[in-house]
Each structure stands twice: as C-alpha cells, then as structure tokens.
Amino acid sequence: MRLSRLHSSCNALTVALFLVAAVLGLLLNETKQQLKFQQAESARLQGDFHLLKQNEADLQQEAARVAESNAHYKAELISCQTQLAQTQKRLHANLKIETDFHRFNPQVDSAILKLDDQPLLPPAVPAHHPPRLAILVPFRKADQELKQFIPHMDAYLQQQGISYTIYILNQVDSYRFNRGLLLDAGFLLVEQSSDYIALHDVDLLPINSKLSYSFPAYPFHVSAPWLHPNYNYKTFIGGILLLANEHFRLVNGMSANYWGWGREDDELYKRIIELGLKVDRPPVDIGTGTSNTFIHLHDADKRPRDMMKVGAQYKQGKERDSSTGIQTAQDQFTVLRTREELVGKVPYTVFDLELKCNTETTPWCLEPTECKAGYFQKPIKDDPDHRWLCTRCGTKCWKGFVLVGKCTQTESPVCMKVGRDISPEEAIKWPAGDIEPQ
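The present account deals with the structure reproduced in this document. Model, not experiment: these values are computed from the prediction.

Rules and cut-offs
Residues numbered from 1 in each chain as written. Predicted model: local features only at pLDDT ≥ 70, side-chain atom pairs only at ≥ 80, totals over all residues. Heavy atoms only, no water. Salt bridge = Lys/Arg side-chain N within 4 Å of Asp/Glu carboxyl O. Helix = DSSP H or I, 4+ residues; strand = E, 2+ residues; numbered from the N terminus. Buried < 20%, exposed > 50% of the residue type's maximum accessible area, 1.4 Å probe, protein only. Phe/Tyr/Trp six-rings, centres within 6.5 Å; stacked < 30°, edge-to-face > 60°. Pairing = 2+ DSSP bridges. Right-handed = clockwise from strand over helix to strand, strands pointing away.

### Overview of the pattern of salt bridges
Tallying each qualifying case throughout the model produces 18 salt bridges. The shortest N-O distance in the salt bridge between R65 and E62 comes to 2.5 Å. One end of the pair is R65 and the other is E62, both in helix 1 (residues 2-95) and 3 residues apart, which spans about a single turn. Classification of E62 by relative accessible area gives partly exposed; the value is 38%. The shortest N-O distance in the salt bridge between R320 and E274 comes to 3.2 Å. Note that R320 is positioned in the loop between helix 6 (313-317) and helix 7 (326-329) and E274 in helix 5 (residues 264-274), a separation of 46 residues in sequence. R320 sits in the partly exposed class, given a relative accessible area of 33%.

Okay, structure coming up:
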C-alpha cells in the first residue's frame, strides 16, 4: 500500500517537473527571441545614428557654404552701393544738378534731385504692418529730461497709432559725447527688430499733433528749420529725423568722428544728398512756428554745450567723412549692459554703451584739461563730480555796438554802443557788430 502511494507521488512529481521544464523552455525561447529582436533593433538604431551623424556633417558643410556665399553677396552688395554712390556723384557733377535745390524752399519742399523726371532712388517700403519704429535717443546724464520725454512720447505716438519702442543709447565711458557713433551703435542693435528709426534728441518734445511719425518713404525731418526753436539754417536736419532702415544703411549711417557738440547732422545731410535721396519735411502752414511746435527742455546750466574744437577738428568737421559709419561702428562700441526700465507704466530699453576712440586719428575725443582761447570753463550745475565744459565766449554785438571786452567767465559779450558808450574814434580799434536787432 505504501509502495503504491510512493509510486503515485513519484509519478506526479515527474509530471510536475516535466511541466516546469516545458514552461522554462518556452520562457527561454521567448527570451532568446526578444534578445534577437533587441539586437536587431540596436543594430538598426546604430545605423540610424550613423546616418544622422552623416546628415549632420552634410548640414554643417552646407551651412558653411551658405555662410561663405552670404559673405560674398554682402561684399558684392557693399561694392554695388559704393559704385552707385560714385556713379550718382558723377551724374550730379556732369549734369550740374544743384544739390541745394530743395534744402529750404517752402514752395518746393518736396522737390527731389531728378534725372529725366525720375527719382534717383526709389522710396522705402516697410517689411512689416504696422511698421515698427525704433526711437533712438543719444543720452548722457539727462535724467530730468528723460522723465518727461518717455511719458510725453508715449501719449503722442499712441494718438497716431504708431508701433514703437524707445531705446536710450547711454554713453558711459569717459570720452566726449559722440552722438553719431551712439546712433550707429543703436541702429545696429535694433535693425532686425524695426522697420524705421527716429534719430531723436531727448530734450525736444513735439506738441503739434500734425507732426507725423509714420513710416517715411524718404528721410523725414520732423523738426524742420521753420519749426525748430533754435536752429533755422537751410540744411539743418537735427533734432528729430525719421529714416527707413534701408535708407540709413544705404547712406552708411553717421560719421563717428564728431566728438563734442555739433556738425554730425550736417555731415549726415551730405550723405543723404549724395545718394539722391530727398529730405521731406512738414508743410510750412502747419499752424505753429518756432515758438510753439516743440517743448525744448534744454537746461544750459546743467547741460552746457561741449562746443570747443581741438586741433584739426574744426577743419575736419566741415568735410565729408567717407571712412566711418555703420560699416565700421561694430568695432567702436561695447554694450556693457541692457536694461528694461519704466517711467510710470511706460517701458523703454537702455543700452549702456562704452565707445572706443582712436586717439591718433581723432585726438579730440579726450576730455580737455584746459580751454583754448575764445572759450571758458563753465561748471556743470549740480554735477556730483564737479565737472566743467569749455563754452564759447560771447563775441557778437548788435549792429551799432562794438565788442570791447575779452573772454571772461561769461557767454555774453562785452559790448558798447557807438556814440553813447564809446566814441566813433575809439570804436575804430574794436570789431564792429554784425547782428541786426530782431
């Protein structure tokens, strides 16, 4: 009996072991199949990886080729622009076209240098709608003006539905102020995010709503000579000037050689005229004049003009500069910091810029240690560093007066009335006045 039960148990155990062995065999076969599949998948993935690496290498080669082609095309474009400028200059000379034709004539304000009644250069066309305006503001320690400028311009431009961004080009180095180089630097920093620019003084606020800040087909001088509160000469284009990006690049921006105050706008005017662009301006009958078109915030005591010309600066300042501009500006500044700021709820962007100067070619970029004859040291009011600037002495007297004083600590000349304060005989040895009373 016991032997029979033991035999039965052995049979059952044998069957169980057989079943276990069968299951293990099936699992082993399945594992082998999965291993083969994974090995095949791994081989496929390795093949795909090598293919992707090859594609990456091909793309890098293609990118290098495209970059080389772009550099070649850019060089050709610059060459073509240069040749165009030279050709147009020759046309002007050969045809004796008078480049002053449209400078300051209200009746022919929209006149343009023409050849066979066609503009020498076509009007600009914006790439985006609405066009994007970048307001470029050259800046140095004019915080009070800036606090008024930002909200005023925001309200003014919103009324016109202008899509705009204000960029403050803050010069933080120790060189004399360089408005032209700051504007070139600002343009290079915002060119890709804008369609046109406004070269805008921080102390000039428009108050006549008829002054348009819309996209200009040609350079548009908002602060025309018959509207600006201070500067009214025929070729003046300072204060506020709108240009399409393509036109500012075409004229190669502004000269970088003007350190101190003045003349950089006059040189820009020469660049514009040479290329056959016209300068549009608001109409004369806009309803306001020099006293009520703009608010002029300039404080002569806190921000005196750095007017002194050093060495060859005066002579060079009257010449056309063909060596500097946008094409050279990239190597002449460093962006130390970019800041997003607010005045109230109005945002604006500040670029803290450190300019670079070649003291061999433009030694007048350095702050003077003394003033030359005809200038005096005018302290900058409330300046924490007790700085001063060389300011021109007064030299002009009313007609009928003569200049009898030498330069002292004043901008006003020392004048005497001939026949009342000084005899005609004494007046002979002094310079005669040459300004008619107004």
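### Focus: the packing of aromatic side chains
In the structure shown here, the tally under the stated rule is 8 aromatic pairs. Seen in terms of ring centroids, Y231 and W261 are 6.1 Å apart; in terms of plane orientation they differ by 40°. Their pairing is tilted. Pair noted here: Y231 is in the loop between strand 7 (220-221) and strand 8 (240-244) and W261 is in the loop between helix 4 (245-250) and helix 5, with a separation of 30 residues, a long-range link. Classification of Y231 as partly exposed rests on a relative accessible area of 23%. Look at W261 and you get partly exposed, because its relative accessible area is 28%.

### Description of the pairing of strand 3 (residues 132-139)
Among the 8 residues in strand 3, 7 count as buried, and that is most of the element. Examined bridge by bridge, strand 3 and strand 4 (residues 163-171) share 8 bridges and lie parallel to one another. Its bridge partner lying in strand 4, I135 is registered against I166. Once the chain exits strand 3 it traverses helix 2 (residues 143-159) before rejoining the sheet at strand 4, and the crossover so formed is right-handed. Examined bridge by bridge, strand 3 and strand 5 (residues 196-200) share 4 bridges and lie parallel to one another. Counterpart to L136 in the pairing with strand 5 is L199.

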